[in-house]
Structure formats: structure tokens, C-alpha cells
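# Inside the fold
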Amino acid sequence: MNGGHSDVLIVGAGPAGMAAAVSAAGLGLSVRVIDDQVAPGGQIWRGIEAVAASPRLARLGDAYGEGVSRAAAFRVCGALYEPQSQLWQIEPGFRAFVTRDGEARVFTATAVILATGAQERPVPFPGWTLPGVLTAGAAQILLKTADQVPEKPVWIAGCGPLPLLYMTQLLAAGGSIAGFLDTTPRGRMGAALRHLPGGLRRLGDLVKGLSWSRALQRQGFPIIRQVTELRAEGEGRLQRLSYRTANGRGDSVPAEVLLVHEGIVPNIHAPLALGCDIRWHEGQHCYVPVLDEWGEASQANVFIVGDGAGIGGMEACEPRGRLAALRLAARMQKLGEAAADAAARKERAALSRALALRPLLDTLYAPRPQVFAPADETLVCRCEEVTAGELRSRAVQGQPGPNQIKAFTRAGMGPCQGRQCGYTVAHILAAAQNRSVEDVGFYRIRPPLKPVTLGELASLDEQETAA
Amino acid sequence: MKDASMFHKLHDPGLSAVTVYIDGQAVAAEAGESVAAVLLRQPAGWSRTTPISESPRAPYCMMGVCFECLVEIDGKGSVQGCLTPVREGMSIIRHMGVRRLSA
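Residues numbered from 1 in each chain as written. Chains lettered and ligands numbered in written order. Predicted model: local features only at pLDDT ≥ 70, side-chain atom pairs only at ≥ 80, totals over all residues. Heavy atoms only, no water.

### Some details on the overall build of chain A
As a reminder, the rule being used: Helix and strand labels come from DSSP, where a helix needs a run of H or I of at least four residues and a strand needs a run of E of at least two; each type is numbered from the N terminus. Accessible area is worked out with a 1.4 Å probe on protein chains only. A residue is then buried under 20% of its type maximum, exposed over 50%, and partly exposed in between. Two residues qualify as a contact provided that any one of their heavy atoms is within 4.5 Å of a heavy atom in the partner residue. To measure how exposed things are, a 1.4 Å probe is used in the Shrake-Rupley method; for residues, cover is taken only from the protein chains shown. We treat Lys and Arg as the positive residues and Asp and Glu as the negative residues; His and chain ends play no part in the count. Taken as the charge location is NZ of Lys, CZ of Arg, CG of Asp or CD of Glu.
Check the secondary structure of chain A and you find 19 helices and 22 strands. By principal-axis analysis of the C-alpha atoms, chain A measures approximately 65 × 50 × 40 Å. Counting over 467 residues, chain A shows a buried share of 57%. The contacts of chain A with a sequence gap of at least 6 include a subset with a gap of at least 24, amounting to 66%. Summed over its atoms, the accessible surface of chain A is roughly 17,800 Å², and 53% of this surface lies on carbon and sulfur atoms. Positive and negative side-chain charges in chain A, numbering 48 and 44 respectively, have mean positions lying 6 Å apart.

### Some remarks on the environment of Asp7(A)
All names here are of chain A. By the element assignment, aspartate 7 lies in strand β1 (residues 2-11). Taking C-alpha positions, aspartate 7 is 20 Å from cysteine 276, a pair spaced 269 residues apart along the chain. Sequence-distant contacts of aspartate 7, that is, excluding residues within four places in its chain, are made with Leu29, Ser30, Ala109, Thr110, Ala111 and Met332.

### A short note on helix α10 (residues 203-218) of chain A
All names here are of chain A. Going by this rule: To estimate the expected span of a helix, subtract one from its residue number and multiply by 1.5 Å. Directions drawn from the helix axis to the C-beta atoms are what define this arc.
Over its 16 residues, α10 extends 23 Å from the first C-alpha to the last, a length consistent with the 22 Å expected when each residue adds 1.5 Å. All of the buried residues along α10 are Leu206, Trp212 and Leu216. When α10 is viewed along its axis, its buried side chains cluster within an angular range of 125 degrees and face the same direction. What points out from α10, more than 90 degrees from its buried face, is the exposed set Gly204, Val207, Arg214 and Arg218. Where α10 is buried, its residues contact α7 (161-172), α9 (196-199) and α14 (358-364). Positioned one or two residues after α10, glycine 220 has a phi angle of 90 degrees, which is positive.

### Looking at the pairing of strand β2 (residues 17-22) of chain B
Test applied: What makes two strands pair is DSSP finding at least two bridges between them.
Here β2(B) shows one buried face, formed by Val18(B), Val20(B) and Ile22(B), and one open face, formed by Ala17(B), Thr19(B) and Tyr21(B). Two successive antiparallel strands, β2(B) and strand β3 (residues 25-30) of chain B, enclose a turn made up of two residues, where Asp23(B) displays a positive phi of approximately 50 degrees.

### Some words on the pairing of strand β18 (residues 278-281) of chain A
Residue and element names in this part refer to chain A. With four bridges connecting them, β18 and strand β19 (residues 286-289) associate as antiparallel partners. Each residue of the ladder has a partner; that of tryptophan 280, found in β19, is tyrosine 287. In textbook terms, the turn of a hairpin is the stretch between consecutive antiparallel strands, and for β18 and β19 this stretch comprises four residues, one of which, histidine 285, has a positive phi near 55 degrees.

### As for the packing of helix α1 (residues 15-26) of chain A against helix α5 (residues 67-75) of chain A
Residue and element names in this part refer to chain A. This is how it is decided: Axis angles are defined between N-to-C directions and span 0 to 180 degrees, where every axis is a line fitted to C-alpha atoms and, for a helix, only to the segment in contact. Angles are sorted into four bins: roughly parallel if under 35 degrees, roughly antiparallel if over 145, roughly perpendicular if 65 to 115, and oblique for all others. Two helices cross in a left-handed way if the nearer one is turned anticlockwise from the farther one by less than a right angle. They cross in a right-handed way if the turn is clockwise. Ten residues, namely Ala, Val, Leu, Ile, Met, Phe, Trp, Tyr, Cys and Pro, are considered nonpolar, four, namely Asp, Glu, Lys and Arg, are considered charged, and the remaining ones, Gly among them, are considered polar.
In the contact formed by α1 and α5, the axes pass within 9 Å of each other and the chain directions differ by 40 degrees. The angle between α1 and α5 falls in the class oblique. The hand of the α1/α5 crossing is left-handed. Packed against α1, whose contacting residues are Met18, Ala21 and Val22, the element α5 presents Arg70, Ala71, Ala73 and Phe74 at the interface. Tallied by class, the residues present in the contact of α1 with α5 amount to six nonpolar, no polar and one charged.

### Quick word on helix α12 (residues 314-331) of chain A
Residue and element names in this part refer to chain A. For α12, spanning 18 residues, the distance from its first C-alpha to its last is 27 Å, which sits close to the expected 26 Å at 1.5 Å a residue. Most of α12 is tucked away: 14 of the 18 residues are buried. Positioned one or two residues after α12, glutamine 333 has a phi angle of 60 degrees, which is positive.

### Section: the packing of helix α15 (residues 388-395) of chain A against helix α16 (residues 402-409) of chain A
Packed helices, taken two at a time, are described by the angle between their axes plus the distance between the axes. Residues and elements named next belong to chain A. Following both chains from N to C, one finds α15 and α16 inclined at 120 degrees, their axes separated by 11 Å at the closest point. Judged by the angle between their axes, α15 and α16 are oblique. The two elements α15 and α16 cross, and the hand of that crossing is right-handed. Taken together, the residues of α16 that come into contact with α15 (itself represented by Glu390, Leu391, Arg394 and Ala395) are Ile405, Phe408 and Thr409. Residue classes in the contact of α15 with α16 are distributed as four nonpolar, one polar and two charged.

### A look at the UniProt feature "domain: FAD/NAD(P)-binding" (unreviewed entry) in chain A
Selection criterion: UniProt positions are given in the numbering used here, feature names are shortened, and annotations may be inferred rather than shown by experiment.
In this structure's numbering, the residues bearing the UniProt feature "domain: FAD/NAD(P)-binding" (unreviewed entry) are residues 7-128 of chain A. Across residues 7-128 of chain A, the secondary structure splits into 28% helix and 32% strand, with the terminal C-alpha atoms separated by 44 Å.

### Observations concerning the side chain of Glu82(A)
All names here are of chain A. As a reminder of what qualifies: Polar contacts, as used here, are pairs of N or O atoms within 3.5 Å; protein pairs need one atom able to donate a hydrogen and one able to accept it. Residues neighboring in sequence count only if both atoms are side-chain atoms.
Secondary-structure assignment places glutamate 82 in strand β3 (residues 80-82). On the accessibility criterion, glutamate 82 (8% relative accessible area) is buried. For glutamate 82, the side chain forms a polar contact with the side chain of arginine 105, separated by 3.2 Å. For glutamate 82, the contacting residues outside a window of four places in its chain are Arg32, Val33, Ile34, Asp35, Arg100, Arg105 and Phe107.

### What to know about the sheet that holds strand β15 (residues 250-254) of chain A
All names here are of chain A. A sheet is described by the order of its strands in space; here three strands give the open sequence β13-β14-β15, paired in antiparallel fashion. Since the sheet does not close on itself, it has two edges, and those belong to β13 (227-233) and β15, each with one partner. Shown here is a sheet whose adjacent strand axes are inclined to one another by a mean of 15 degrees, direction ignored.

### Side note on the sheet that holds strand β16 (residues 258-262) of chain A
Residue and element names in this part refer to chain A. One open sheet accounts for five strands, arranged β8-β16-β10-β11-β12; its pairing is parallel. The open sheet is flanked by β8 (133-135) and β12 (223-224), the only strands paired with a single partner. Judged from the two bridges that link them, strand β11 (residues 177-182) and β12 form a sheet pairing that is parallel. Bridge pairing in β12 places leucine 181 opposite isoleucine 224. Packed onto the sheet, helix α6 (residues 136-146) meets β8 and β16 and runs at close to 80 degrees relative to β8.

### Here we look at the pattern of salt bridges
Residues and elements named next belong to chain A. Selection criterion: One side-chain nitrogen of Lys or Arg within 4 Å of one carboxyl oxygen of Asp or Glu is enough to make a salt bridge.
Taken as a whole, this structure holds 30 salt bridges over all chains when the rule is applied. Across the pair lysine 450 and aspartate 36 runs a salt bridge, and its minimum N-O distance is 3.5 Å. One end of the pair, lysine 450, is in the loop between α18 (437-440) and α19 (454-466); the other, aspartate 36, is in the loop between β2 (31-34) and α2 (48-52), with 414 residues separating them in the sequence. Among the residues examined, aspartate 36 registers a relative accessible area of 21% and is labelled partly exposed. The partner of glutamate 49 in a salt bridge is arginine 75, and the shortest N-O contact between them spans 2.8 Å. Of this pair, glutamate 49 sits in helix α2 while arginine 75 sits in helix α5; the two residues are 26 residues apart in sequence, bridging distant segments of the chain. Bridged by salt links that share partners, the residues Arg32, Glu82, Arg100 and Arg105 form one connected network.

Below is the structure:
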């Protein structure tokens with residue numbers, strides 16, 4: 001049953017997981033890295049090894065290209081790397097249950113570093129389940145991994161750096177844009193600029209963002225500002241897109257592909273499965289794990305690094321990953337406390353610099369209120385097809401929390417395990433019950449974190465009997 | 001219009017070209033790209049119909065968190081298509097409505 005023991009098990013081979021692995025292995029710890037994907041890179045450097053050898057690298061931009069050297073360093077760092085390995089249960093001890101090639105295995109470790117990254121914030125609106133509606137991140141992954149673009153000029157709706165980056169990359173690849181529905185509410189820039197003094201440490205990034213915006217404005221496709229409401233319509237797939245702006249203007253246009261994005265939120269399923277404490281982050285409108293200055297969670301020997309620790313962007317990932325490795329190396333007597341502290345000071349300085357722009361970005365691109373208050377007809381739980389209206393009517397029968405609502409309506413009970421409806425359900429309950437979202441809480445996360453077949457479970461038992 | 005593909009590939013796979021079978025139909029793909037990417041290039045770009053209302057769904061997140069691309073791959077059900085690279089000869093069956101227990 002035991003697939004092997006290591007000092008450290010790292011979950012995720014993105015920027016944070018790779019940095020943690022390179023650092024921990026370099027300090028003399030035995031390291032195993034499990035990851036969903038076929039190759040290292042996470043989402044930000046998705047497909048980097050395959051793209052590195054092609055002319056496509058240049059048009060995906062410099063930040064993407066930085067992944068080439070990171071993936072190469074990770075490959076030779078000495079960590080055991082298990083790609084295409086789906087984690088479906090992790091428990092104290094630590095035991096991680098993983099499926100790879102249809103076979104389940106258990107890995108044990110003394111410590112765990114969760115580098116499971118972020119997902120795009122769910123953006124429910126009427127028709128968001130229609131084929132043809134995808135996230136902007138999904139379209140970017142299609143571009144990186146399959147060199148694939150929308151057939152026709154594409155509609156993009158949302159806010160944040162990712163839509164701007166994707167539009168820039170899409171145009172560089174020869175794709176075309178039907179229009180951008182900018183959902184950033186009025187007055188955000190003024191509020192965001194209060195954070196400018198701190199953000200000036202990242203002047204280069206600010207300039208880069210502005211240059212994307214300017215270049216996109218010169219392209220001549222329509223840019224509609226302060227969009228508050230979206231609706232997707234069609235028979236079996238997206239055929240029409242309607243929108244409305246803050247000043248009541250609106251339109252309905254033919255559309256085949258609509259890409260939406262309202263920021264990203266940490267993946268908290270694995271931390272919750274391990275019983276780690278989380279807290280509500282007002283600025284980022286999401287839950288983040290409670291961590292100490294090394295990235296250690298409320299459960300000893302569980303570290304959370306990368307965007308899973310709270311959204312910090314690519315450059316915050318590597319210092320966070322290395323801090324966790326330093327702490328563990330000191331704890332396992334591979335490194336003196338003083339040496340770990342000295343190295344940590346450097347990493348914390350890098351982390352602080354990486355996070356300098358965050359308050360400005362969080363304020364500028366905070367999700368519009370409509371994201372959390374979809375119209376009654378909207379399917380909130382995509383898997384079990386539960387509408388906002390049904391949730392609202394249940395919300396005032398007593399004062400149910402997310403777990404009762406799940407039992408009453410099945411919202412959150414489907415294969416995605418609440419990844420697409422958790423935050424919307426929490427906000428709907430909070431509004432209906434006049435409570436804070438933090439007070440409402442989140443679904444209790446139970447195994448399996450991913451679908452697992454009886455055959456896979458049986459393969460686990462066979463190995464146990466043999467051992 | 002209804003049968004036009006939603007996405008297209010920018011390059012010819014050349015030597016990396018493989019053939020996969022979607023519901024038994026032969027379809028061109030590139031070795032290593034995801035099953036979900038191939039599904040989105042088909043004229044009917046959906047990946048399954050839902051167990052509740054049997055409405056069609058297509059890959060939505062491409063990063064393993066929406067589960068809209070659950071398909072049967074080489075006989076194994078409920079596999080995430082966005083996390084599965086295609087191989088020559090792969091059989092991809094789209095789930096229709098409620099899944100039934102089978103041998």
C-alpha cells in the first residue's frame with residue numbers, strides 16, 4: 001500500500017512547489033512532489049517544457065519564459081517527481097492518497113508542503129453553464145498547451161490583470177477580439193491609487209500593465225466600461241450575449257465564445273481536509289489559510305505556499321516555497337537555526353517586494369457586488385443545478401449554514417465538491433441572514449477530493465494485502 | 001452557424017498527429033494535448049450532458065476544478081479530460097445524463 005516515504009511531500013509543481021522542492025532537496029531533505037499535470041509549471045508556466053522548444057515561446061511573453069529555467073532546475077534537483085497524480089485524500093500522519101494511471105497509492109511523509117495554487121473565482125450569471133462560456137484562464141491554458149484560439153472574434157468580460165494579458169497574448173498569436181466588457185466598477189482607480197506609494201516598489205509591473213491597456217485600446221475593438229450584468233443565451237451552446245452597464249446602457253450581441261474572469265482565489269480544499277484554520281481576507285474577498293511567518297499552518301508540519309497561501313502572484317511564490325523548505329530543514333537538523341534565519345531574511349525581503357503591488361491590485365480589481373448576488377434564475381451549483389432563487393428561499397427557513405444547505409438542496413454535493421459554488425452559497429446565505437460571510441463559513445470538506453473509482457480503491461486494498 | 005467549431009488550432013501537428021475516437025468517431029489530435037482541448041475543437045464542442053436536466057456542458061476551467069469535462073476514457077468513467085493527455089487510438093466517450101453502473 002505504501003508508495004514510499006519522504007521527509008517532505010510537496011503537492012503541486014508550480015512556481016512555489018518547484019522552488020520548495022529545489023530548496024528542500026538542496027538542503028538534504030528527501031522530497032517527493034505530486035502534481036495533477038503531465039509536466040511541471042503549474043498554471044502560470046503550464047506546458048512550459050513543450051513550448052520552450054517552439055517559436056510560440058516569444059509571443060507568450062517574458063514572465064512565461066522565466067519558467068524554462070525553473071522547470072529545468074526542478075527536473076535535476078533530486079526530488080522524486082510524480083506527474084499526473086491526482087490527490088484525493090490527505091490526512092494527518094501524513095498520508096496522501098493519490099491516483100496515477102488508474103492505480104491508487106499512498107505516500108507517507110513527515111511534513112507536507114501544499115503548493116496547490118489558486119483557481120479562478122466562480123462568476124455565476126444566467127447562462128454561464130452553456131458550452132461556449134469559459135474562463136479567461138481556460139482560454140489561456142488552451143493557448144499555452146494546445147496552441148488553440150477561439151474560431152471567431154471572442155468576447156471577454158471581467159476585470160483583473162489576466163484578461164489584459166490573455167488579450168495581449170491572443171492578438172500576438174493572430175487571434176481576434178469582438179469586444180471587452182470591463183466589469184471594473186466606477187471609482188476604483190481613485191481608491192486604488194491610495195496604495196500607490198507602496199506599489200511604486202513595483203513600478204515596472206505598473207508600467208507593464210498600463211502598456212497592455214494602451215496597446216489594447218489602440219486595437220479598435222469595443223471596450224465597454226462598468227459592465228454590471230451579463231447573460232448568456234443559446235440552444236445547447238452560446239449564441240447570444242447580453243450585458244448591462246452601471247448607467248443602464250445595454251446591448252445584446254451574437255457570440256460563440258465568451259471568456260469571463262473576476263480574479264483568482266486560493267485552493268483551500270487540501271488545507272481544509274487537513275483541518276487547517278482559515279480566515280476571511282477582506283481585501284481579497286476569499287478565505288486564506290492562517291499561517292506563521294514561515295508559511296506553517298495551524299496544523300504542525302503543514303506548510304502552505306504560493307497563491308494557496310493568499311493571492312500574491314508569481315513572484316511571491318518562490319520566496320514562500322523556499323521559506324517553508326528552510327524551516328523544515330532546520331527542524332530536521334539539516335541546517336542550523338541561525339543559518340535558516342539568515343536565509344529567511346532574504347526570502348522575506350523578496351516576498352515583501354513581491355507583495356508591494358497587491359493592495360493596489362486588490363482594490364482596483366475587487367469583484368463587483370453582482371458576482372456574489374446572481375439573479376434568482378442563475379444556476380449557482382453547476383453540478384447539481386441548484387439556482388440562486390432556491391438557495392435564497394431555503395436560506396430564510398431557520399438559519400442554515402453551508403452544510404445544512406448542502407443537505408437540503410444538494411448544492412456542493414457534485415463532483416466539483418463546492419469549488420464552483422462555495423463562495424456564492426456563502427454570500428447568498430450571508431445576505432439573506434444578515435450575517436457576515438466569515439460567520440456563515442464554508443462547506444466541510446470530505447474525501448474524496450476528486451472522483452475515485454471502486455477499481456482504484458480496490459487496487460489500494462490489493463497492495464495492502466500483499467504488503 | 002450552430003455546427004461551427006468554437007476553437008481552432010494554430011499549427012499543424014505534423015509528426016505529432018494522432019487519431020482519437022470521440023463516441024467512436026475518428027478525430028485528429030496532437031500527442032500530449034488534453035482531451036478537453038480536442039473536445040472544444042469539435043463542431044459539437046460539449047463534453048457531457050448533466051445528470052439532472054441532461055443539458056450539455058463543455059470544458060469550462062481547463063485546470064481541474066469545474067469537472068465539466070468528465071468523460072469516459074478507454075473504458076474508465078468520470079475522468080477529467082482537461083488533465084488527460086491524448087494518445088494514439090484513445091477512446092473518449094461523452095457521458096450522457098446519469099451514469100449507470102456497469103461491469
